[in-house]
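What the coordinates show
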Protein chains: 2
Amino acid sequence: MILDGKIVAKNKMDAIKENIDKIIDKYKFTPELRLIQAGNDEASSIYARAKIKRGKKLGINVTLEKFDTVSKDILIDKIKEYSIRKDINGIMIESPLPENLNFYDIVNYIPFYKDSDGMTPYNEGNLSLRNEMIAPATARAVVDILEYYNIKDRNAVIINRSPVVGRPLAMMLLNRDYTVTVCHSRTENIKKITENSDIIIVAVGKKNFLNESFVNKNSTVIDVGINYDNNTVYGDADYNNLLNNVKAITPVPGGVGIVTATDIFQNFLNGLNYQLNNF
Amino acid sequence: MILDGKIVAKNKMDAIKENIDKIIDKYKFTPELRLIQAGNDEASSIYARAKIKRGKKLGINVTLEKFDTVSKDILIDKIKEYSIRKDINGIMIESPLPENLNFYDIVNYIPFYKDSDGMTPYNEGNLSLRNEMIAPATARAVVDILEYYNIKDRNAVIINRSPVVGRPLAMMLLNRDYTVTVCHSRTENIKKITENSDIIIVAVGKKNFLNESFVNKNSTVIDVGINYDNNTVYGDADYNNLLNNVKAITPVPGGVGIVTATDIFQNFLNGLNYQLNNF
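The residue numbers shown here count from 1 along each chain, following its written sequence. Note on labels: chains are lettered from A, ligands numbered from 1, in written order. It should be noted that, the model being predicted, local features are given only for residues of pLDDT at least 70 and side-chain atom pairs only at 80 or more, the latter also being counted only at that level, while totals for whole chains, interfaces and linings use all residues.

This part is about the overall build of chain A. Helix numbers and strand numbers start at the N terminus; a helix is a DSSP run of H or I with at least 4 residues, a strand a run of E with at least 2. Helix and strand counts for chain A come out as 10 helices and 10 strands. As a reference, a globule follows 2.2 Å times the number of residues to the power 0.38, and the radius of gyration itself is taken over C-alpha atoms. For 279 residues, the compact-globule estimate of 2.2 N^0.38 gives 19 Å, and chain A sits close to it at 19 Å. With respect to the principal axes defined by its C-alpha atoms, chain A has extents near 50 × 40 × 35 Å. Across the 279 residues that make up chain A, the buried fraction comes to 49%. Long-range pairs, those at least 24 residues apart, make up 70% of the contacts in chain A with a sequence separation of at least 6. To sort residues by burial, count the other C-beta atoms lying within 10 Å of each one's C-beta; a count of 20 or more means buried, 12 or fewer means exposed, and anything in between means partly exposed. C-beta atoms are built from the backbone. Note on contacts: residues are paired as contacts if their backbone-placed C-beta atoms lie within 7 Å.

Our next topic: the interface of chain A and chain B. Taken together, the contacts link 25 residues of chain A with 25 residues of chain B. Elements with a minimum of two residues in the side of chain A that touches chain B: helix 5 (121-128), helix 7 (166-175) and strand 5 (179-183) of chain A. For the side of chain A that touches chain B, the element with the highest residue contribution is helix 5 of chain A, accounting for seven residues. Gly counts as polar in this scheme, as do all residues outside two lists: the nonpolar Ala, Val, Leu, Ile, Met, Phe, Trp, Tyr, Cys and Pro, and the charged Asp, Glu, Lys and Arg. Residue composition of the side of chain A that touches chain B, grouped by class: 11 nonpolar, seven polar and seven charged.

All names here are of chain A. Residue Ser 95 is joined to Pro 96 through a cis peptide bond whose omega torsion reads 5°. Residue position: Pro 96 is located in the loop between strand 3 (90-93) and helix 4 (103-107). Located in the positive-phi region is Asp 177, a residue other than glycine, with phi close to 70°. Structurally, Asp 177 can be placed in the loop between helix 7 and strand 5.

Take the domain arrangement of chain A next. A domain assignment, automatic or from a database, supplies the domain bounds used here. The domain architecture assigned to chain A consists of domain 1 (25-114) and domain 2 (137-256). The C-alpha-based centres of domain 1 of chain A and domain 2 of chain A are spaced at 29 Å.

Spatial ordering of the open sheet is given by 10(A)-7(A)-6(A)-4(A)-5(A)-5(B)-4(B)-6(B)-7(B)-10(B), a layout of 10 strands whose pairing is mixed. Looking along the sheet, the strands with just one partner apiece sit at the ends: strand 10 (248-249) of chain A together with strand 10 (248-249) of chain B. Pairing between two strands requires that DSSP report at least two bridges joining them. As paired strands, strand 4 (residues 155-159) of chain B and strand 6 (residues 199-202) of chain B are joined by four bridges and run parallel to one another. In the sheet register, Ile 158 of chain B faces strand 6 of chain B, and the bridge partner there is Ile 201 of chain B. All axes are obtained by fitting lines to C-alpha atoms, using only the stretch in contact for helices, and the reported angles, taken between N-to-C directions, cover 0 to 180 degrees. Lying over the sheet, helix 7 of chain A contacts strand 4 (155-159), strand 5 and strand 6 (199-202) of chain A together with strand 5 (179-183) of chain B, oriented at roughly 170° with respect to strand 5 of chain A.

This part covers the sheet that holds strand 2 (residues 61-67) of chain A. All names here are of chain A. Reading across from one edge, 2-1-3 is the order of the three strands in this open sheet, with parallel pairing throughout. The strands lining the two open edges of the sheet, one partner per strand, are strand 2 and strand 3. Ignoring which end each strand starts from, the neighbouring axes of this sheet average 20° apart. Where strand 1 (residues 32-38) and strand 3 come together, four bridges link them in parallel fashion. Of the residues in strand 3, the one forming a bridge with Leu 33 is Gly 90. Against the sheet, helix 2 (residues 42-58) contacts strand 1 and strand 2, and its axis sits at roughly 155° relative to strand 2.

Turning our attention to helix 10 (residues 256-278) of chain A. One fewer than the residue count of a helix, multiplied by 1.5 Å, yields its expected span. With 23 residues, helix 10 of chain A should reach 33 Å at 1.5 Å per residue; the first-to-last C-alpha distance of 32 Å fits that figure. Counting buried residues in helix 10 of chain A gives 17 out of 23 residues, a clear majority hidden from the surface.

For the rest of this paragraph, the subject is the nonpolar core. By definition, a nonpolar core groups buried Ala, Val, Leu, Ile, Met, Phe, Trp, Tyr and Cys residues that connect through C-beta atoms lying within 7 Å of each other. Counting 158 residues, the largest nonpolar core has Val 142 and Ile 201 of chain A together with Val 142 and Ile 201 of chain B as its most contacted members. Residues in contact with Val 142 of chain A, not counting those within four places in the same chain, are Leu 169, Ile 201, Ile 222, Val 224 and Val 256 of chain A.

The next point concerns the packing of helix 5 of chain A against helix 7 of chain A. Residues and elements named next belong to chain A. Interaxial distance between helix 5 and helix 7 falls to 8 Å at its minimum, and their mutual angle equals 30°. One finds that helix 5 runs roughly parallel with respect to helix 7. On the side of helix 5, the interface is formed by Glu 124, Leu 127 and Ser 128, while helix 7 contributes Pro 168, Met 171 and Met 172. Split into classes, the residues belonging to the contact of helix 5 with helix 7 amount to four nonpolar, one polar and one charged. Put simply, angles under 35 degrees are roughly parallel, angles over 145 are roughly antiparallel, angles from 65 to 115 are roughly perpendicular, and the rest are oblique.

Glancing now at the environment of Lys 207 of chain B. Residue and element names in this part refer to chain B. Mapped onto the fold, Lys 207 is located in the loop between strand 6 and strand 7 (220-223). Of the residues examined, Lys 207 has 18 C-beta atoms within 10 Å and is grouped as partly exposed. Put simply, Lys 207 and Ala 9 are 198 residues apart on the chain and 24 Å apart in space, counted from C-alpha to C-alpha. Setting aside residues no more than four positions away along its own chain, Lys 207 makes contact with Asn 227, Asp 229 and Tyr 234.

What follows is the structure, encoded as C-alpha cells:
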C-alpha cells in the first residue's frame, strides 16, 4: 500500500485554513510568519519561497528577511524585536546558516510560542512531558501519516538520532505507546533490528539505502530521505523494489516531505493560539 | 560482576568536593541549595534530610523550606525570588507535591542553571543537543556507572519511558553511540527485546520483575528500582538469582541510588559554575 502524503497534507491544510479563517474573522488581523535567511544557500531559498506560497493559500503572511552577511548579535536583536511584536506570530531561522553562525545559539532566543520550526530546547523537552504544542515538523509529519493510516503496529525503529528527526520522533512515538528503537551510523547491525520491526522510519540521506534485505512482508516504511540525483529527488528507500515487498510505504516525493511543509503551519497555528489565549 | 555504586559515588563525591573547595576558596562564599517541600510525605522528608547531610560533606549549605499547605502562586513567587538571589545556587522542589499542585507547572519557573534536579523542559531538551550540563540525576547515574566500568557493549534497552528516567537516559545513551530501545508497560513482548540486548536498564517499580528469563549470560543489568517490602529495600531485578547468570549487575541498595544522590550535586556544581561564569 502507498501511504499518500498528499492526502494527509491536503486534510491538514484544510483544517489549518479553517482555523486561520476563524482567527482572522475574530481578531481582524492577518497573522505573520517571519523567515530569516542568512547567506545564499540555494536550497534554503527554494524552501523559503515554498513557505511563502503555502502561507498565501492559508491566508498567512509569510515574509522573508534576507541578509547576505550578518552577525550573531544582529540576528539576536532581530529575534528579540519580533518576540515582542504582536503582529509577528512565528519566527523561523532558515538553515543552513553561514559558517560563522551557530544555528542553536540563535534559535535559543525565539520564544517557544513563536518557534514554528520546533527547534528550541524548551519545545524539544516538552515532547518528553507529552506536551506537543510545538514539535519539529518532520517528526510531526511522520506521526500524522501513521495516525491518518491508522497504523497501530507497536514496534518502531528509527534510523536517525538527530534533534530534528530521530530524537523528537522517538518521544512522540513513546507518547503514543509505540515501543521505539533508535539506530544510527554507529549501530552495528541495523538490518537485524529493522527486519524484526513493524515500522521502519529511515532518515539517513542515502538514495536506495533501505532495500529488501532490511524489511519483512509486514513492514511499514516511512521514508524521510530527500536526495537529489540528476535533478530528480529520491528517498532513502528503494521504493520501486520495496513497494511490492512490504505492507506499506511512503513515496518520495509525495510522502513525508509535503506533510512536513504543512506541519510548519500546524506549529505556527498552535503557537498563534497560545499567543491569543495568553497575551 | 557486581557494579558497585558506592565506589562510583565515592569518586564523584571526592571530585565534586574538590571543585566546591576551590570555589569557596576563590569566591569566599558557601554555595546554597534550597529545597522546597510542600505537604508531609514521609519518604520526601527522608530524602531531604539525606541531601542536607550529603551537602554538609561537600561544604554546600543545603536548606529545607517546608510548607504544610501552600498555593501555586506562593511557590512560584518563592522560585522567582530565589532565581534572582546570588546566594542561592540551586532550587529543588521535593516530590511528591500535594494533589492541588502540579509539579511541572511549578518547576517550569526554575532557571535552567539552578535546576539541580534536571526537571525543566529546557534542560530535558538540551540533552538532545548533547548539552548535558544539567540532567535528571537518575539518568546521569546510570551513565556514570556504565562509564566507570567501561561497559561499551552498544545495545541498550530501557524499561521505562518517564521524563525522569527513560527518556533523558535514552538521549544520553544516544550521545554515547549506544543503540537504544525504550520499552514500557504497553510493550507486548519485553523479554524478546531484553534477551537480545547487551545492557538492560530496568525501572518499573516491581520487586523481582526482571528474572533469568529476561537476560542472557552476557547481559549487563542496571537496576533503577527502589521497592520497600517489610522495611527492606529491593530493586526491580531478582539480584540473587541474576548475579551468577549475567555478566554484570548493580545491587540495590548500593547501586544506582547512591550515585543518583551524588549526581544531584553534580548538577548543582555544573549550574553553580555556569552562574559564576555568566553573571
